[in-house]
Amino acid sequence: MLATLVTASAATLIAGPAAGMLGYRQLKRTTHARRLRITAPNGVDESGFVRIGGIDQWISVRGDDRANPVILEIHGGPGASNHIFLPRTRGWEKHFTVVRWDMRGAGRTFVAHGADGQGESTLDRLHADALEVTDHIRSRMGVDKVLLVANSFGTVIGLRLARRHPDRYSAYVGTDQNIYGGGRDRSAHDALLQRLRAAGKRKDLAAITAMGPDPAAWTPEQWSARAKIVVTSDPLTYDTMKTVVVRSLWFSPLHTLRGLRSYMQGMTFSERVAPEAVGIDEWAEGTEFALPFFVFQGAHDVLTPPEPARAFHASVSAPVKDFALIDEASHFASFRHPDRFLDLMLTRVRPAIENRPTVVR
């Protein structure tokens, strides 16, 4: 849903960077690459393609100690690989082994096969792929369960995984948590109208009013236009997009300029999956979870507001559950404040999963 805005924000940098800008970029990329080195004797730093769902998909496994709990991230977008955030989340790898997976339509998986080689692009297919990735990681790392951490659009898949397959996961952690309520919740729409009125943005207000509150009625072009208006109407979200997302893209040590273009092409390709989610009713799908359940949301998130996430969390039945707001954060809360997110993981999540018996193969 953010592909249009990310592409527009980064296009100038990628299309015609000045020589000085390229030099500074290379310096930052070199510094990040040095920081990402894992030299601990029991560490792990592996990446490559794994056959998942009939195509080769890119997976990385990184951490300073193989004995730490294993996190499987489910990235958002759709199509927005989290590999660009590796330098920002290096501290997580001291306490967890972090598995990052480029779904079909995203990152290096998209680059490897192109738009015509991604196969089926549906929520059901991504869910099935995620189960295959889960079982691959359980086997590869020799653990019975992995810690499921989903962000943004990935939480749609994450909730289904946690609900249906608690035998594979030690806990669920959602951040930038999406909650679809079968079209009943208008809070984000009403808040957007209020911001636009307050800012005197009549043209944007007219466009959003004409679209109406029902996402099922929007065209793909309206989805993109609305995402841009949502982000640019909120200063904190817009600043996060520029300083966290675009800067992470630009200074990623893993991506060449061509790789950045491909990254954004993958996001654009994957937008076709987003409309599938609007018909979901998370309450109807189920509020009983047979594993610890956590939601850590940006306190000022306008893309996935904290109120629906808090309401859903309140209705959840789980062995352990917790909800926390991350202050001074909108969307991408865990990447804007990775240290605060890590503190929540260490003080709230890790004690819950370490108190549960774990079988190691």
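## Focus: the sheet that holds strand E2 (residues 55-63)
- Pairing is mixed in the open sheet, where 8 strands are placed in the order E1-E2-E4-E3-E5-E6-E7-E8. Two strands lie at the open edges of the sheet, namely strand E1 (44-52) and strand E8 (321-326), each paired on one side alone. On average, each strand axis in the sheet is tilted by 20° relative to the strand beside it, whichever way the strands run.
- Note: strand E7 (residues 293-298) against E8, 6 bridges, orientation parallel.

## So, the packing of helix H6 (residues 187-199) against helix H7 (residues 202-211)
- Where H6 contacts H7, the two axes come as close as 9 Å, and the packing angle between them is 160°. Taken together, the axes of H6 and H7 lie roughly antiparallel to each other. H7 is crossed by H6, and the crossing has left-handed handedness. Between H6, through His-189, Leu-192, Leu-193, Leu-196 and Arg-197, and H7, the contact on the second element is made entirely by Asp-204, Leu-205, Ile-208 and Thr-209.
- Among the residues forming the contact of H6 with H7, the class breakdown is 5 nonpolar, 2 polar and 2 charged.

## Observations concerning the side chain of His-331
- As for its placement among the helices and strands, His-331 is situated in the loop between E8 and helix H13 (333-336).
- In this structure the side chain of His-331 is engaged in a polar contact, spanning 2.8 Å, whose partner is the side chain of Ser-152.
- Engagement of the side chain of His-331 in a polar contact is seen with the side chain of Thr-304, the distance being 3.2 Å.

## Comments concerning the pairing of E7
- With respect to burial, E7 is a largely interior element, 6 of its 6 residues being buried.
- Here E7 shows two buried faces, one formed by Phe-293, Val-295 and Gln-297 and the other by Phe-294, Phe-296 and Gly-298.
- Handedness of the crossover joining E7 and E8 through helix H12 (residues 306-315) is recorded here as right-handed.

## Details of the packing of aromatic side chains
- By the definition in use, this model includes 14 aromatic pairs.
- Centre to centre, the rings of Phe-110 and Phe-269 are 5.5 Å apart; their planes meet at 45°, and the pair counts as tilted. Here Phe-269 lies in helix H10 (residues 257-270) and Phe-110 lies in helix H3 (residues 107-113), a separation of 159 residues in the sequence. Grouping residues by exposure puts Phe-110 and Phe-269 together as buried.
- Put simply, the rings of Phe-85, Trp-92, Phe-294, Phe-296, Phe-332, Phe-335 and Phe-341 touch in pairs and so form one group of aromatic residues.
- Lying across the ring of Trp-58, Arg-108 places its NZ or CZ 4.8 Å from the centre.

## What about the pairing of strand E4 (residues 97-101)?
- Across the 5 residues of E4, 5 count as buried, placing the element largely inside the fold.
- Taking every second residue as pointing to the same face, both faces of E4 are buried, with Thr-97, Val-99 and Trp-101 on one and Val-98 and Arg-100 on the other.
- With 4 bridges connecting them, E2 and E4 associate as antiparallel partners. From the neighbouring strand, Ser-60 faces E4, where its bridge partner is Arg-100.
- Direction of pairing for strand E3 (residues 70-74) relative to E4: parallel, over a ladder of 3 bridges. Bridging across to E4, Ile-71 finds its partner in Val-98.

Reading the values: rules and limits
Residues numbered from 1 in each chain as written. Predicted model: local features only at pLDDT ≥ 70, side-chain atom pairs only at ≥ 80, totals over all residues. Heavy atoms only, no water. Pairing = 2+ DSSP bridges. Helix = DSSP H or I, 4+ residues; strand = E, 2+ residues; numbered from the N terminus. Axes fitted to C-alpha atoms, helices over the stretch in contact; angles between N-to-C directions. Parallel < 35°, antiparallel > 145°, perpendicular 65-115°, else oblique. Left-handed = near helix turned anticlockwise from the far one by under 90°. Contact = heavy atoms within 4.5 Å. Nonpolar A, V, L, I, M, F, W, Y, C, P; charged D, E, K, R; others polar. Polar contact = N/O pair within 3.5 Å; in protein donor to acceptor, adjacent residues only side chain to side chain. Buried < 20%, exposed > 50% of the residue type's maximum accessible area, 1.4 Å probe, protein only. Right-handed = clockwise from strand over helix to strand, strands pointing away. Phe/Tyr/Trp six-rings, centres within 6.5 Å; stacked < 30°, edge-to-face > 60°. Lys NZ or Arg CZ within 6 Å of the ring centre and 35° of its normal.

None of the figures reported here should be taken as evidence of function without further support.
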